[in-house]
Amino acid sequence: MAISGLRNRVVLGVTGIAFGVIPLISASPAFATPISTSLTVGPAVLPQVPVSACIDTTCVATPTLTSVQLTATATVDGSITPVVLTPEVCPNGGLGVAVRVTTTQTLSVTLSADVSGTTPSGSPVDISVGPKTETITAGTPGALISACTD
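The rules behind each value
Residues numbered from 1 in each chain as written. Predicted model: local features only at pLDDT ≥ 70, side-chain atom pairs only at ≥ 80, totals over all residues. Heavy atoms only, no water. Disulfide = S-S within 2.5 Å. Helix = DSSP H or I, 4+ residues; strand = E, 2+ residues; numbered from the N terminus. Buried < 20%, exposed > 50% of the residue type's maximum accessible area, 1.4 Å probe, protein only. Pairing = 2+ DSSP bridges. Axes fitted to C-alpha atoms, helices over the stretch in contact; angles between N-to-C directions. Core = buried A, V, L, I, M, F, W, Y, C linked by side-chain atoms within 4.5 Å. Contact = heavy atoms within 4.5 Å. Salt bridge = Lys/Arg side-chain N within 4 Å of Asp/Glu carboxyl O.

1. Regarding the state of the cysteines
Applying the stated criterion across every chain yields a total of two disulfides. The partner cysteine of C54 in its disulfide is C59, sulfur to sulfur 2.0 Å. Measuring handedness by torsion sign, the sulfur bridge of C54 and C59 sits at about 110 degrees and is right-handed. One disulfide bridge connects C90 with C148, the sulfur atoms lying 2.0 Å from each other. A torsion of -80 degrees about the S-S bond marks the disulfide between C90 and C148 as left-handed. With a gap of 58 residues between them, C90 in the loop between β5 (83–88) and β6 (96–103) and C148 in strand β9 (residues 143–148) connect regions that are remote in the sequence. Look at C90 and you get buried, because its relative accessible area is 9%. If the cysteines joined by disulfides in the chain are listed in sequence order, their pairing comes out as 1-2, 3-4.

Below, the structure is given as structure tokens:
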């Protein structure tokens, strides 16, 4: 009779462990680990002018710079869909550096930019833009992250 009582305890213990594993197996995508990719372009030489550091239409002005460098970062929540970052020319013939962010299917992407440069006096400048979350659709130009003259 003592052995039979012991078996019931062992079975209950194993059942409790099995139920504890189920939530880990069926974890929600909301808890997926963010995956980031970055691309640095520049430095580009500038003729002592300010630039606009932008993620699409969200921009921050810089002081007058003689050079500029851009690090663009795209973050997705555990997606296996590739996000592609490629160097791009500045829009409207502007001077500076830019990165195009595209994907192979519709995806929500958190974008950020770190812009560094040098003022005419030689002082370093570091400016951050974002984070900004955008939905990027396959087959579209995607998002533009830039540090360009107007």
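2. Section: the sheet that holds strand β2 (residues 52–55)
Two modes of strand pairing occur in sheets, parallel and antiparallel, and in both the strands are linked by backbone hydrogen bonds. Pairing is antiparallel across the open sheet formed by five strands, whose spatial order is β3-β2-β9-β6-β5. Bordering the open sheet on either side are β3 (58–61) and β5, each of which pairs with just one other strand. This sheet shows a mean twist of 15 degrees between the axes of neighbouring strands, independent of strand direction. As judged from the six bridges shared by β6 and β9, these two strands associate in the antiparallel manner. Note that in β9 the partner of V99 across the bridge is I145.

3. Regarding the nonpolar core
Buried together is how nonpolar side chains tend to be arranged in soluble globular proteins. Ranked by size, the top nonpolar core spans 29 residues in total, and within it V68, L70, V83, V101, V109, L111 and I145 carry the most contacts. Elements that contribute at least two residues to this core include exactly β1 (34–49), β2, β4 (65–77), β5, β6, β7 (107–118), β8 (124–136) and β9. Per-element accounting of this core gives the leading share, six residues, to β4. Excluding its chain neighbours within four sequence positions, the residues that come into contact with I145 are C54, I55, L70, A72, T73, A98, V99, V101, L111, S112 and A113.

4. Topic: the pairing of β9
Counting buried positions over the six residues of β9 gives six, a clear majority of the element. Residue alternation in β9 divides its side chains into two sets, A143, I145 and A147 and L144, S146 and C148, and both sets are buried. Bridge analysis of β2 against β9 gives four bridges, and the strand direction is antiparallel. Bridged to A53 within β9 is A147.

5. A short note on the pattern of salt bridges
Under the counting rule described, the total for this entry stands at two salt bridges. For R100, the salt bridge identified is with E88, shortest N-O distance 3.7 Å. Of this pair, R100 sits in strand β6 while E88 sits in strand β5; the two residues are 12 residues apart in sequence, bridging distant segments of the chain. One salt bridge connects E134 with K132, and the closest N-O pair in it is separated by 3.3 Å. E134 sits in the buried class, given a relative accessible area of 13%.

6. Some remarks on the pairing of β3
With four bridges joining them, β2 and β3 adopt antiparallel strand pairing. Bridging across to β3, A53 finds its partner in V60. Remark: two residues form the turn of the hairpin made by β2 and β3, two consecutive strands paired antiparallel; D56 in that turn has positive phi of roughly 50 degrees.

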